[in-house]
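Take a look at the letters that make up each chain.
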Amino acid sequence: MTSIDSPYQLQQVACLQQLIPIAVLHCLPLLENDQLVDFRYSWVNQKAVELSGRGQQAFEHQTMLTLFPSARASGLFNRFVQVWQMGDPLRFEHPYTRQDRTGWIDITIDKQYDGLLITATDITPFKEAQLALEQQTQQLLNIAQQLPAGLVLFEPVYNPVGDLVDFRYGLTNPANAHTLGSSVEDLTGRNLLELYPAARRLGTFGRLKQVLETGVSMQYQTQYQADGLDLRVEGHLTRIDQGVLMMYLDQTSLQQQAQQLQDKNEELHLTNQALTRVNLRLEGLQAIERTLLDRHSSDQSPEMTALAHTRQLVPCQQLVVYQFDQEMGLARSKSWLVGRKVAIHIGSDLPAHLFHIEPLLSGQPWVIDQLQPQQPGLPPELLLYQRGYRSLLVVPLFSQQQYIGAFILLAQTPHFFTQEYQQIAQEVGSQLAIVLEQQRMEQQLKAYTQQLESRVRYRTRQISQLSALQQAILKHAGQAIVSTDLHGVIQTANPAGEKLLGYGQGELLGRQVWMSPKSTDQKPALIGVQASQTARPVWKIIEPVLATHEYFHGECHVLTQTGVSVPVLLTASVLQDEAGTRVGYVGIATDISALKAAEKQLRNLNQRFELATQAVGQGIWENDLEQGKLIWDDRLWEMHGIEPQGPDWSLREYINLVHPDDRASFLAGTHYVSPEDRLANVSRIIRPDGRLIYVEHQALVVRNPQGAPVRVIGVTWDVTERKQAEQALQQALQREQELNRLKSQFVSTASHEFRTPLTTIQSSADLMELYLKQPPEIAGPVLEKHLKVIGQQVHHLDGLLSDLLTMGRIEAGRVAFTPQQVDLSELCQQVIADHFSHQPDGRVVQVSVAGASYRVNLDKKLMGHVLTNLLSNAFKFSQTNPRLVIRFEDQMVVLEVIDEGIGIPAQDLPTLFQTFSRARNTTAIQGTGLGLVIARQYVELHGGTLTVQSQEQQGSTFRLILPR
């Protein structure tokens, strides 16, 4: 396949592959001696790869006939040759077999771009629906073959000038052939007047002609005594499409048996009714199938054809088709049929959850035979009972095992929907599900087509900034980040990685990462880099972990250039391209030298504790279960801070010393609960002096010959220092994890906030470059406009960087705080005059002051920043004039910034003042989630508080309280 020149184009192609919902291929002809012998694929999208069942590389290295050898035998290759030679587009359906499953695809071939442009869509569901319909039709024909009545489908025969001259046996059943003394084979395809000339004279031909021309069914009785036949029949004629269906019973023998004649007449009547309904059902299903297969050839939509067919067979008063809108949670009405008229209802949508009940969810219809004025499960505002309806039938519509809609039938008669009516509704419902799914797919394809161009443009702008943004992130990250190819050769390394390994800028590139696995003494794996590629790459060792968990996380030692071993916490994962193919690996290493030092200190502390315990001795105890006595040595009494008790000291009394929160776990480790012979437990003990200690128990259970416990002997020692050290280590780990989370959150937020202004600057620069070639009188205004845009975006970036630097100073404790006595009212007016006095939309800040003004001890610069941030947010997230309320009270001063804007969702309020946190209803509005964090930090430097009260769509009130 042809190469693509740049990563930019590769990204564009990858985006197109993901977005085009149909298979698209482009191939070039292969000629030998000016003869077309094969085609070579120049481009395929992801959908084509999935549909073919081959991999991407198969299209790159094989021709059409080598990749699909059966294309020549099936005639598919000849169609491609035909389009190439003739130049006329070609569209056809073609079957395929994959994994013992047969499917169909709709293929379009067009000669484009010096080759053939091929598009393919999988139409297997529609073909399967067509096959199911054909099977239903065959079942009805089989029923007709078994009927005892004569059944004939006559087809009209016309002469060259268009006159009706005869009728041909198109379809007949064995009962008719037996009555006529012939066979089905001898009758099928023969003309009526050719076999029975007297049919014209005796009226048979005339009745058939009348029904064919008028379309009105006919019930008749006749006696046929001619052409070797002596028949007395009662029959029924019905027009079906362009033919006439005759159904009759031979009543010749019934004249001799009056009673039998009456029975046969009744049987004929019931049979005719059943067959009529069968034919009507067949005719309706065929009509629906025709509109589904060729929607443009019919003036009526498929759903209206289905409703009309249902109304003909099920004479209820109203039919409605609903389609579920999953995003809105609504059931939207697609088609209505009231009586015999189509009705368009505006605002007739219903909540979708009304239909998510049994038996609908199981695919079974829901029938209410007797509607009540207050029917459970139905909204009272529908007023079904008040509008005269007494029966309800709801048929669920499923497509590809997904619940997509409902078919509703309403009748004014109780117990109206019989089993037959329910079956008819379900038959039509299966077709309606296909109609709704087909419409949904067409709408989705149209939407994809409309959005494709805008998405490609948007993605192009994103790609232009991605490389620079990634470099900036890597440069400033505090963790070592290294990426390699599949062989462990380093492709990129950030400054932190070079610093960790002791290399200069660029010296790591091209070196191979090697790794020695963990040794038998459980020492951590050792990782280093070298110039040659002889050692075993690190990824080969951790590959089993990556294959199972998709990432590796663990402790290792990194060997620096000078030979120093540095402990790190390594996280490694797989790098994949747009197609999901592995292209390399990336590792992030965090220096945990300080953490390891803390662990070493903890181990030393444990060792000293064990030595101390040995020196003073462990407490030994025995629990006599038969006498209910607990025996302690002196060390235990001293450890628990209580005086030795008498002989009545027992385990139940000791439990009172155990911390209430630990009693359940303590009891779980005793002979009362545990069936084990070796018991162990760590519990908190509350000494009489109020001191809380941790003690660890180890014990053995002594049992009698019957296996019942009789004694428990154990030792106990104070492990308070060890538990405190473990808690300190856990807190250190939690702080490290929180730091990693904040770093990840920073990368995500910075990527988004830097991308938008940089994209705008790039767009303006491109437009300025185009207008530089224009005359000054034309280019001047445009250049000034875009220079202004660039200036605005640079100002925005400057503010963003200022916020980030401010957060860095706050976290490092380097914020300069110089409070002085300041007139707060004057400061507020100055901030408003400097930043909010000339709003483009003419809005202003409404200021009100309550109480006697006095000077407040504060940092003028920091407080000005707080006020600017709060008022900027009020203007940004509202359309009305913000209000600033200043209240001077005895012990404090209160400032409130009030707006009537979009408000803050309740679920976002607890995290509003956390770093990078933004309300979910502000995603379309610029912001970093740092402003309020900085504002609160500045307020707390003054010893004050900053809180918020807000209600979504009602507005927000930020309250700032400062001490006097």
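How each quantity is defined
Residues numbered from 1 in each chain as written. Predicted model: local features only at pLDDT ≥ 70, side-chain atom pairs only at ≥ 80, totals over all residues. Heavy atoms only, no water. Helix = DSSP H or I, 4+ residues; strand = E, 2+ residues; numbered from the N terminus. Expected span 1.5 Å × (residues − 1). Buried < 20%, exposed > 50% of the residue type's maximum accessible area, 1.4 Å probe, protein only. Pairing = 2+ DSSP bridges. pLDDT = per-residue confidence, 0-100. Contact = heavy atoms within 4.5 Å. Arc of directions from axis to C-beta. Salt bridge = Lys/Arg side-chain N within 4 Å of Asp/Glu carboxyl O. Phe/Tyr/Trp six-rings, centres within 6.5 Å; stacked < 30°, edge-to-face > 60°. Core = buried A, V, L, I, M, F, W, Y, C linked by side-chain atoms within 4.5 Å. Axes fitted to C-alpha atoms, helices over the stretch in contact; angles between N-to-C directions.

- Looking at an unreviewed UniProt entry, one finds the chain named histidine kinase and attributed to Larkinella arboricola.

**With respect to helix α13 (residues 302–313)**
Next, step 1: In this model, α13 (12 residues) spans 17 Å end to end at C-alpha, consistent with the 16 Å of a helix rising 1.5 Å per residue.
Next, step 2: Taken across its 12 residues, α13 has 10 buried, putting it largely inside the fold.
Next, step 3: The set of residues buried in α13 consists of Pro302, Glu303, Met304, Thr305, Ala306, Leu307, His309, Thr310, Arg311 and Leu313.

**Considerations on the pairing of strand β33 (residues 883–888)**
Next, step 1: By the bridge criterion, five bridges tie strand β31 (residues 846–850) to β33 in an arrangement that is parallel. Residue pairing across strands places alanine 850 opposite arginine 887, the latter belonging to β33.
Next, step 2: Between the antiparallel neighbours β33 and strand β34 (residues 892–899) lie three residues.

**Observations concerning the confidence of the model for the chain**
Next, step 1: On average, residues of the chain carry a pLDDT of 81, and 83% of them reach 70 or more.
Next, step 2: Predicted confidence for residues 342–347 stays below pLDDT 50, and this span has seven contacts to residues more than four positions away or in other chains.

**Some words on helix α11 (residues 204–214)**
Next, step 1: Along α11, the residues classified as buried are Thr204, Phe205, Arg207, Leu208, Val211 and Leu212. Down the axis of α11, the sector holding all buried residues measures 165 degrees, keeping them to one side.
Next, step 2: Considering only its buried residues, α11 is in contact with β6 (150–158), β7 (164–172), α10 (192–195), β8 (218–226), β9 (229–240) and β10 (243–250).
Next, step 3: Looking one or two residues past α11, glycine 215 carries a phi angle of roughly 80 degrees, positive in sign.

**A word on the pattern of salt bridges**
Next, step 1: Counting across every chain of the model gives 21 salt bridges.
Next, step 2: A salt bridge links arginine 843 to aspartate 841, with the shortest nitrogen-to-oxygen separation between them at 2.6 Å.
Next, step 3: Accessibility expressed as a relative area gives 9% for arginine 843, which makes it buried.
Next, step 4: The structure contains a network of salt bridges with shared partners spanning Glu696, Arg722, Lys723 and Glu726.

**Topic: the packing of aromatic side chains**
Next, step 1: Going through the model one piece at a time under the given rule, you end up with 20 aromatic pairs.
Next, step 2: Between phenylalanine 39 and phenylalanine 80, the aromatic rings sit 6.3 Å apart at their centres with planes inclined by 55 degrees, giving tilted as the arrangement. You can see phenylalanine 39 sitting in strand β2 (residues 35–44) and its partner phenylalanine 80 sitting in helix α6 (residues 76–86), a full 41 residues away along the chain. Pair check on accessibility: phenylalanine 39 and phenylalanine 80 agree, each one buried.
Next, step 3: Between tyrosine 322 and phenylalanine 355, the ring centres sit 5.8 Å apart and the planes meet at 45 degrees, which makes this aromatic pair tilted. With tyrosine 322 in strand β11 (residues 318–325) and phenylalanine 355 in the loop between β14 (350–351) and β15 (366–368), this residue pair connects regions lying 33 residues apart in the sequence. For the pair tyrosine 322 and phenylalanine 355, one class covers both residues: buried.

**Quick notes on the nonpolar core**
Next, step 1: Residues Leu824, Val893 and Leu960 are the most contacted members of the largest nonpolar core, which totals 41 residues.
Next, step 2: Broken down by secondary-structure element, the contributors of at least two residues to this core are α23 (824–835), β32 (855–858), α24 (860–876), β33, β34, α25 (931–941), β35 (945–951) and β36 (955–963).
Next, step 3: For this core, the leading source of residues is α24, giving eight residues.
Next, step 4: The contact partners of leucine 824, leaving out residues within four places of it in the chain, are Val856, Leu858, Ile886, Phe888, Val893 and Leu895.
Next, step 5: Counting residues in hydrophobic clusters, the runner-up holds 31 residues, among them Leu36, Tyr41, Val49 and Leu116.

**Regarding the sheet that holds strand β5 (residues 115–122)**
Next, step 1: Strands sit in the order β2-β1-β5-β4-β3 across an open sheet of five strands; the sheet is antiparallel. The open sheet is flanked by β2 and β3 (90–98), the only strands paired with a single partner. Across the sheet, the mean angle separating the axes of adjacent strands is 35 degrees when strand polarity is ignored.
Next, step 2: Packed on one face of the sheet, α6 meets β1 (23–32), β2, β3, β4 (101–112) and β5 and runs near 90 degrees to β2.

**Remarks on unusual backbone geometry**
Next, step 1: Note that the residue after glutamate 358, namely proline 359, is joined by a cis bond; omega there is 10 degrees.
Next, step 2: Take proline 359: it is sitting in the loop between β14 and β15.
Next, step 3: Despite not being glycine, asparagine 33 shows a phi value in the positive range, around 55 degrees.

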